[in-house]
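These are the residues of each chain, in order.
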Amino acid sequence: MPLALEDRLAVIELVSLHGHFVDDGSLDRLEELFTADVVYDLTDFGQEPLSGVAAIREAAWALGSANPVAHHVTNVVVTAYEDGRAQVRSKGLGVKADGSCGSVSYEDTVVRTADGWRISYRRLSPRRTPLSGMTEPG
């Protein structure tokens, strides 16, 4: 079943707010983004997945000044599932204090809760190889 326009806009705003909250140091507001049992999958970075909002918050505080100073989310694509959940694919750019920049892909599963849409699963994948490493056929 397709998502209503209002739901699509709410989901896009949800993934956009992540960067604002983190960049502002508003880590006390992460419950507005994630379900209590969220899985934040960092395996593509060689780390174990984080489970729960508290673990995400603690990881961000632990990074300290290594956190990007700016998170930018773009290319947001929302695909509805039959069961009321939705998949959200987006791109992220992180700008460090020294001006260097990195790129990631986000793969999110979002669910509608009594408090609105929330991310229940997020996978981050670094973007380091053009064309995802694909070479010309031939």
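These lines cover the structure that appears in this document, whether it is placed above or below. Keep in mind it's a predicted model, so treat the numbers as computed, not measured. (Residues numbered from 1 in each chain as written. Predicted model: local features only at pLDDT ≥ 70, side-chain atom pairs only at ≥ 80, totals over all residues. Heavy atoms only, no water.)

### Here's the deal with the layout of surface pockets
For the largest pocket, the calculated volume is near 770 Å³. Taken together, 30 residues make up the lining of the largest pocket; nearest its centre are Phe45, Leu63, Pro68, His71 and Leu124. Counting residues per element, the ones that place at least two in the lining of the largest pocket are helix H1 (5-23), helix H2 (53-63), strand E3 (70-80), strand E4 (86-95), strand E5 (101-113) and strand E6 (116-126). Here the lining of the largest pocket is composed, by residue class, of 18 nonpolar, nine polar and three charged. Quantified by volume, the second largest pocket comes out at close to 150 Å³. For the lining of the second largest pocket, the secondary structure elements donating two or more residues are H1 and H2. (1 Å grid on protein atoms, 1.4 Å probe; cavity = no way out; pocket = protein on both sides within 12 Å on 5 of 7 lines; lining within 4 Å. Points joined across faces, edges and corners; volume = space filled by probe spheres on them. Helix = DSSP H or I, 4+ residues; strand = E, 2+ residues; numbered from the N terminus. Nonpolar A, V, L, I, M, F, W, Y, C, P; charged D, E, K, R; others polar.)

### Quick look at the side chain of serine 90
Following the sequence through the fold, serine 90 ends up in strand E4. Apart from the residues within four sequence positions on either side, serine 90 is in contact with Val73, Thr74, Asn75, Val76, Val104, Ser105 and Tyr106. (Contact = heavy atoms within 4.5 Å.)

### Describing H1
The end-to-end C-alpha separation of H1 is 28 Å, in line with the 27 Å expected for 19 residues at 1.5 Å each. Where H1 bends most, the angle comes to about 25°, and this point is serine 16. Listed as buried for H1 are Asp7, Val11, Leu14, Val15, His18, Gly19, Phe21 and Val22. After H1 finishes, the residue glycine 25 shows a positive phi value of roughly 75°. (Expected span 1.5 Å × (residues − 1). Bend = angle between axes of the 7 residues up to and from the residue. Buried < 20%, exposed > 50% of the residue type's maximum accessible area, 1.4 Å probe, protein only.)

### Some remarks on the nonpolar core
Core analysis: the biggest nonpolar cluster contains 26 residues, and Leu30, Phe34, Tyr40, Ile56 and Val110 have the highest contact counts within it. Only H1, strand E1 (34-41), H2, E4, E5 and E6 provide two or more residues apiece to this core. Per element, the largest residue contribution to this core is five residues, and it comes from H1. Excluding its chain neighbours within four sequence positions, the residues that come into contact with tyrosine 40 are His18, Phe34, Pro49, Leu50, Ile56, Arg122 and Leu124. (Core = buried A, V, L, I, M, F, W, Y, C linked by side-chain atoms within 4.5 Å.)

### Details of the pairing of E1
Residues in a regular strand project their side chains so that they alternate between the two faces of the sheet. The sheet contact formed by E1 and E6 spans four bridges and is parallel. Among the inter-strand pairings, tyrosine 40 is bridged to a residue of E6, identified as arginine 122. Where E1 lies against strand E2 (residues 50-51), two bridges are found, and the strand directions are antiparallel. Each bridged residue has a counterpart across the sheet, and for valine 39 the counterpart in E2 is serine 51. (Pairing = 2+ DSSP bridges.)

### Regarding the environment of valine 77
Within the secondary structure, valine 77 is located in strand E3. Separated by 67 residues in sequence, valine 77 and alanine 10 place their C-alpha atoms 13 Å apart.

### Let's talk about the packing of aromatic side chains
For the coordinates displayed, the defined rule picks out one aromatic pair. Between phenylalanine 34 and tyrosine 40, the aromatic rings sit 5.9 Å apart at their centres with planes inclined by 80°, giving edge-to-face as the arrangement. A cation sits over an aromatic face here: arginine 122 above tyrosine 106, 4.1 Å from the ring centre. (Phe/Tyr/Trp six-rings, centres within 6.5 Å; stacked < 30°, edge-to-face > 60°. Lys NZ or Arg CZ within 6 Å of the ring centre and 35° of its normal.)

By themselves, these figures tell us nothing about what the structure is for.
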